[in-house]
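A look at the structure
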Amino acid sequence: MSTQNLDFSTDLSEREREIVFQYLFRRLAAYRNKTELYALTEAALLRSSDNGSSDSKTLEFSQALNAWGQSILENTWVACQEPGREGCPILDPLADTSVGKSPETPEPRVLTKIMNTVLLLHITTSKQYSAYTRDFLSNVAPIDEQTVVTALKDPERALAELHRQAQRVREQHAERGRILRFAGAGFGAIAGGVLIGVTGGLAAPLVGAGVTALLGGLGIGGTAAGVLAAGLASSSAVCGALFGAYGAHSSARMIDRHTKEVSDLAVLPVRTQKNQETLAVRLCISGWVSSHEDITSPWTVFGGDDTFALQWEVEALQAVSNALSDLITSQTMKYVGGEILKRTILAGLLSALSPVALLKIGKIIDNPLMNARALALKTGAVLAELLASRAFGNRPITLVGYSLGSLVIFEALRCLTELSPSKTLGLVQDVFIFGTPVSINLTIWSSVRRLVSGRLVNGFCPSDFVLAVLSRASDATWGVAGLQSVDVQGVENVRCEGVDGHLQWRGMIGRCLMECKAPGIVTSEVDSQSETMAEQLRLAGSGDFS
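What counts as what
Residues numbered from 1 in each chain as written. Predicted model: local features only at pLDDT ≥ 70, side-chain atom pairs only at ≥ 80, totals over all residues. Heavy atoms only, no water. Disulfide = S-S within 2.5 Å. Buried < 20%, exposed > 50% of the residue type's maximum accessible area, 1.4 Å probe, protein only. Phe/Tyr/Trp six-rings, centres within 6.5 Å; stacked < 30°, edge-to-face > 60°. Helix = DSSP H or I, 4+ residues; strand = E, 2+ residues; numbered from the N terminus. Lys NZ or Arg CZ within 6 Å of the ring centre and 35° of its normal. pLDDT = per-residue confidence, 0-100. Contact = heavy atoms within 4.5 Å. Salt bridge = Lys/Arg side-chain N within 4 Å of Asp/Glu carboxyl O. Expected span 1.5 Å × (residues − 1). Axes fitted to C-alpha atoms, helices over the stretch in contact; angles between N-to-C directions. Parallel < 35°, antiparallel > 145°, perpendicular 65-115°, else oblique. Left-handed = near helix turned anticlockwise from the far one by under 90°. Nonpolar A, V, L, I, M, F, W, Y, C, P; charged D, E, K, R; others polar. Core = buried A, V, L, I, M, F, W, Y, C linked by side-chain atoms within 4.5 Å. Polar contact = N/O pair within 3.5 Å; in protein donor to acceptor, adjacent residues only side chain to side chain. Pairing = 2+ DSSP bridges.

What follows concerns the state of the cysteines. For the structure shown, the criterion picks out 0 disulfides. Unpaired in this structure, Cys496 has its nearest cysteine sulfur neighbour in Cys512, at a distance of 3.7 Å. With a relative accessible area of 1%, Cys496 lands in the buried category.

Structure follows, in structure tokens:
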């Protein structure tokens, strides 16, 4: 393990460090303003019906967002070795965001080192990893999360590496007449003093203006090294808060406390790092299953972050799968497929179908579907409680699902929007949902967009005949997200051309995620999944109107 990616370049002048800081300050200000815009959009849509309660929620969100942004700015100021003479500036809506006009842009190498240092500062001072932090830092420059995890997990080895770095820095600057006071026992004494001083709380000595005095013995480049040494002092407490109940060793007892409404619920590992948690986690949810392996197998397309699958009400989902298979092979569904090709509006389809056709479809699907849908809503409420209680740790979580699995996710997000923004800020990073059987109610989607820190992706397929029919009981005037785009600022709509029917979401999910440019996709796994899907279609023959 090397901590070089956590150490700020020792060759930058004060002027260069000022340029780097101002560049990052402006990027952060632009990010803060864009994020607040989602909350303002939500408030505007809610204002006509909530008697002003949306304004108080927006104010609370803005205050929590400002507190997060200011802490990141102060961490950046420390990472840049406190440039300027007036202290760390204040981040506010009027801060300059004009990075495009800057004549000097920092090198990617420099930005990466500083972003890594900011990341470590953020985690060790707050004992959490906000999804906003991950989204912002990774959009500025590549970050090395694995080095941070390794440093937190093995602090003695990290400190030994820091000692070696400090020795090299001392030797580099000795020729310039700037002998640093952290060689040998001297460095040990300084590092020890830092460790003792911050064991009870890291934030106070590091965020304040006295950081240079505190770590002055570390010299140029030494602030980052001293910060790392300080952060490692509380690494065990940080790790406990960061990784939560579902690290490499999940706890069944955590789920048991949340199963009053849902009888079948479990979190299953799909892909985890051996003896090493990651700084972020991914939870995937299947929408229907033909066998127990369908809970996890669609999600092997992911690598990188710890990936888990939510097992929920398997018997109900198998009943839906069987009913869907019966439905798509029925003569009634073939007729429906032809009608949908003629009519792009769901309401038009419903008025065109005869009562006999609807009765035949209802006989096949209503009981298993309505049962599974009700269970999906209950599971979503349970998932919201798990997320709010940080069961997966104080780290960013990405949610991915299709069909009824997407409904679980969307309901969880909807429930979270009703909580105080201070409890949910920076909780969810990215959301990818496909074939989602929910309405395109702009108010609800705006609230969900405010909740999600990073990307909110709606994957849809206009020719998903099954979803069109299954949604007939919903308010057709709103439309269905799985069939069309959602016209809300910040929602990414991706038309998944390769999906020819609702039952194909499971076998095409990897390809769809690639189209969405979702991070962490393993191309070989996607190719394997696509080949399996092609073989299944070949065996089934032509005429699939699903």
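Turning our eyes to something else, we now look at the packing of aromatic side chains. Within this structure, the stated rule accounts for 9 aromatic pairs. A centroid spacing of 6.3 Å and a plane angle of 80° characterise the contact between Tyr31 and Tyr132, whose relative ring orientation is edge-to-face. Remark: Tyr132 occurs in helix H4 (residues 131-140) and Tyr31 occurs in helix H1 (residues 14-46); sequence separation between them is 101 residues. The class for Tyr31 is buried, based on a relative accessible area of 8%. Take Tyr132: its relative accessible area is 1%, and that puts it in the buried class. Here the aromatic residues Tyr31, Trp68, Tyr132 and Phe136 are joined through ring pairs into a cluster of three or more. Of note, Arg449 hangs over the ring of Tyr38, and the distance from its end group to the ring centre comes to 4.3 Å.

What follows covers the confidence of the model for the chain. When pLDDT is averaged across the chain, the result is 76; 65% of the residues are at 70 or more. Segment residues 175-222: pLDDT under 50, and 78 contacts once partners within four positions in sequence are set aside and those in other chains are kept. Within the model, pLDDT remains below 50 along residues 473-477, and this stretch shows 3 contacts once partners closer than five positions in the same chain are excluded.

Counted according to the given criterion, the structure contains 13 salt bridges. For the salt bridge of Asp305 with Arg134, the shortest nitrogen-to-oxygen distance reads 3.1 Å. Placement of Asp305 in the loop between strand S2 (281-285) and strand S3 (306-312) and of Arg134 in helix H4 is noted, with a sequence separation of 171 residues between them. An identical accessibility class is assigned to Asp305 and Arg134; each is buried. For the salt bridge of Arg395 with Asp306, the shortest nitrogen-to-oxygen distance reads 3.5 Å. One end of the pair, Arg395, is in the loop between helix H16 (355-388) and strand S4 (397-402); the other, Asp306, is in strand S3, and 89 residues separate them in sequence. Here Arg395 and Asp306 have matching classes, each one buried. Through salt bridges with shared partners, one network takes in Arg134, Glu145 and Asp305.

Right, let's talk about helix H3 (residues 108-126) for a bit. For H3, with 19 residues, the first-to-last C-alpha span of 26 Å sits near the 27 Å given by 1.5 Å per residue. Of all 19 residues making up H3, 14 are buried, and the element is well covered by its neighbours. Positioned one or two residues after H3, Lys127 has a phi angle of 55°, which is positive.

Look at H1 against H4: their axes get within 11 Å of each other, and the N-to-C directions meet at 130°. Taken as axis vectors, H1 and H4 run oblique relative to one another. Considering only the axes of H1 and H4, their crossing is right-handed. Of H4, the residues touching H1 (which contributes Leu24, Arg27, Leu28, Tyr31 and Thr35) are Tyr132, Asp135, Phe136, Asn139 and Val140. Here the contact of H1 with H4 is composed, by residue class, of 6 nonpolar, 2 polar and 2 charged.

Glancing now at the nonpolar core. Grouped together as the largest cluster of nonpolar side chains are 78 residues, with contacts concentrated most on Trp299, Trp312, Leu399, Val431, Phe434, Trp445 and Leu513. Looking at this core element by element, the count peaks at 9 residues for helix H17 (residues 404-417). Excluding residues within four positions of it along the chain, Trp299 makes contact with Val270, Cys284, Ile285, Ser286, Thr307, Ala309, Val400, Gly401, Tyr402, Ile509 and Leu513. Formed by 44 residues, the second largest nonpolar core is a distinct cluster that contains Tyr23, Leu120, Ala141 and Ile143.

Turning next to H4. Side chains three or four residues apart in an α-helix point the same way, a direct result of the helix having 3.6 residues per turn. By the criterion of burial, H4 is predominantly enclosed, with 8 of the 10 residues buried. Listed as buried for H4 are Ala131, Tyr132, Thr133, Arg134, Asp135, Phe136, Leu137 and Val140. The N-cap of H4, judged by a side-chain oxygen 3.1 Å from the amide nitrogen of Tyr132 a few residues on, is Ser130.

Taken in spatial order, the 7 strands line up as S1-S3-S2-S4-S5-S6-S7 in an open sheet, and their pairing is mixed. Each of the sheet's edge strands pairs with one partner strand only, and the pair in question is strand S1 (265-271) and strand S7 (491-495). Direction aside, neighbouring strands of the sheet carry axes that sit 20° apart on average. Judged from the 5 bridges that link them, strand S6 (residues 456-460) and S7 form a sheet pairing that is parallel. Looking across to S7, one finds that Gly459 is bridged to Val494. Where H17 meets the sheet, it contacts S2, S3, S4 and strand S5 (428-434), and its direction lies at approximately 140° from that of S4.

Residue placement: Met115 occurs in helix H3. Relative accessible area serves as the criterion here: at 0%, Met115 is assigned to the buried category. Residues Met115 and Asn75, 40 residues apart in the sequence, show an inter-C-alpha distance of 9.7 Å. Not counting the four nearest positions on each side in its chain, Met115 is found in contact with Leu24, Leu137, Val140, Ala141 and Ile143.

Further remarks concern unusual backbone geometry. A negative phi holds for most residues other than glycine; trans holds for most peptide bonds. Phi angles above zero are rare outside glycine, and Glu313 is one such case at about 45°. A residue is classified by how much of its surface remains accessible, and Glu313, at 9% relative accessible area, is buried. In this structure, Arg390 is a non-glycine residue whose phi angle is positive, near 60°. Within the secondary structure layout, Arg390 lies in the loop between H16 and S4.

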